[in-house]
Amino acid sequence: MEFQAIGIRGNASFDEIVSHFTSMGGDVVLMDPAMVAGKDHVICAANHAKRSFDEGTNRSKTILTEIILYAAWERQISKALSKMKPKAGRNEYIALLVDIDDPKLDEIGMERDDSLFDTDDSKAEALGLHKGSVPYEDQAVENVAMVELLKV
């Protein structure tokens, strides 16, 4: 299972984006950019979710939902889904691609924009991250790892 995290923007709907990637033989998790602090945040969540399935410690029925659980730093699936779901009308997404090498975004009128991963002070504050010596993305990765403890 190969993971790739990209920022995308454009006018394709949530469902059109999902259909595009699943028609390519892979999968995708779309997240609200306001809830993501860097690529490592998303990739780390995916790797933890994969490991939880490999070890039989998963809380959800699908790897995609498990990824959202880790990315949201939540133990309740409903809270995680609500927190990470892209907001309507924003046309910006963090896309975690699963087993897709070339996203072919032009086919659905989307363009890549990895600046959506950037975390400024206000985004960090909304995520509960603190300004200090530890970078925001590292704090996000630590929070992903803490989900393991919440699952016990």
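Structural notes, computed from the coordinates. Fair warning: this is a prediction, and the values are worked out from it, not measured in the lab.

## Considerations on the nonpolar core
What tends to happen in soluble globular proteins is that the nonpolar side chains get buried as a cluster.
Part 1: By size, the foremost hydrophobic cluster in this structure holds 34 residues, and its most contacted members are Met-31, Val-42, Ile-67, Met-84 and Leu-96.
Part 2: If you list the elements that add at least two residues to this core, you get strand S1 (3–10), strand S2 (27–31), helix H2 (39–55), helix H3 (63–72), helix H4 (77–84), strand S3 (92–98), helix H5 (121–127) and helix H6 (136–150).
Part 3: Ranked by the residues each element gives to this core, the list is headed by H3, at seven residues.
Part 4: Aside from chain neighbours lying at most four places away, what touches Ile-67 is Phe-3, Val-29, Met-31, Ala-45, Ala-46, Ala-49 and Leu-96.
Part 5: In this structure, Ile-8, Phe-21, Ala-95 and Leu-97 belong to the second largest nonpolar core, which totals 14 residues.

## Side note on the side chain of Asp-32
Part 1: Tracing the chain through its elements places Asp-32 in the loop between S2 and H2.
Part 2: For Asp-32, a relative accessible area of 3% puts it in the buried group.
Part 3: With residues up to four places along the chain from it excluded, the contact list for Asp-32 reads Met-84, Lys-85, Pro-86, Lys-87 and Arg-90.

## Quick look at H2
Part 1: For H2, built from 17 residues, the straight-helix expectation of 24 Å at 1.5 Å per residue is met to within 8% by its first-to-last C-alpha distance of 24 Å.
Part 2: Restricting attention to buried positions, one finds in H2 the residues His-41, Val-42, Cys-44, Ala-45, Ala-46, His-48, Ala-49 and Ser-52.
Part 3: Where H2 is buried, its residues touch S1, S2, H3, S3 and H6.
Part 4: Immediately downstream of H2, the backbone of Gly-56 shows phi near 75°, a positive value.

## A short note on the environment of Lys-123
Part 1: Position of Lys-123 among the secondary structure elements: in helix H5.
Part 2: Along the backbone, Lys-123 and Asp-27 are 96 residues apart, and their C-alpha atoms lie at a distance of 27 Å.
Part 3: With residues up to four places along the chain from it excluded, the contact list for Lys-123 reads Pro-33, Ala-34, Val-36, Leu-116, Phe-117 and Asp-118.
Part 4: Within the structure, Lys-123 has its side chain in polar contact with the backbone oxygen of Asp-118 (distance 3.0 Å).

## Some details on the pattern of salt bridges
Part 1: Under the criterion given, the structure shown has nine salt bridges.
Part 2: Asp-32 is the salt-bridge partner of Arg-90, the closest N and O atoms lying 3.8 Å from each other. Highlighted residues: Arg-90 in the loop between H4 and S3 and Asp-32 in the loop between S2 and H2, separated in sequence by 58 residues.
Part 3: When its relative accessible area of 38% is taken as the criterion, Arg-90 is described as partly exposed.
Part 4: With its nearest N and O atoms 2.9 Å apart, the salt bridge here joins Asp-121 to Lys-131. With Asp-121 in helix H5 and Lys-131 in the loop between H5 and H6, the pair connects residues that are 10 residues apart, well separated along the chain.
Part 5: Among the residues examined, Asp-121 registers a relative accessible area of 40% and is labelled partly exposed.
Part 6: With a relative accessible area of 67%, Lys-131 lands in the exposed category.
Part 7: Each of Arg-9, Asp-32, Lys-87, Arg-90, Glu-92 and Asp-113 takes part in salt bridges that share partners, so that together they form one network.

## Focus: the packing of H2 against H6
Part 1: H6 packs onto H2 with a crossing angle of 20° between their chain directions and a minimal axis gap of 8 Å. Classed by the angle they form, the pair H2 and H6 counts as roughly parallel. Considering only the axes of H2 and H6, their crossing is right-handed. Residue-level inspection shows Lys-39, Asp-40, His-41, Cys-44, Ala-45 and His-48 of H2 in contact with H6, the latter providing Glu-137, Ala-140, Val-141, Val-144, Ala-145 and Glu-148.

## As for the pairing of S1
Part 1: Counting buried residues along S1, six of its eight residues qualify, which places the element largely inside the surrounding structure.
Part 2: As paired elements, S1 and S3 share seven bridges and run antiparallel to each other. For Gln-4, the partnering residue across the bridge sits in S3 and is Leu-97.
Part 3: As judged from the three bridges shared by S1 and strand S4 (residues 110–112), these two strands associate in the antiparallel manner.

Quick notes on the rules
Residues numbered from 1 in each chain as written. Predicted model: local features only at pLDDT ≥ 70, side-chain atom pairs only at ≥ 80, totals over all residues. Heavy atoms only, no water. Core = buried A, V, L, I, M, F, W, Y, C linked by side-chain atoms within 4.5 Å. Buried < 20%, exposed > 50% of the residue type's maximum accessible area, 1.4 Å probe, protein only. Helix = DSSP H or I, 4+ residues; strand = E, 2+ residues; numbered from the N terminus. Contact = heavy atoms within 4.5 Å. Expected span 1.5 Å × (residues − 1). Polar contact = N/O pair within 3.5 Å; in protein donor to acceptor, adjacent residues only side chain to side chain. Salt bridge = Lys/Arg side-chain N within 4 Å of Asp/Glu carboxyl O. Axes fitted to C-alpha atoms, helices over the stretch in contact; angles between N-to-C directions. Parallel < 35°, antiparallel > 145°, perpendicular 65-115°, else oblique. Left-handed = near helix turned anticlockwise from the far one by under 90°. Pairing = 2+ DSSP bridges.

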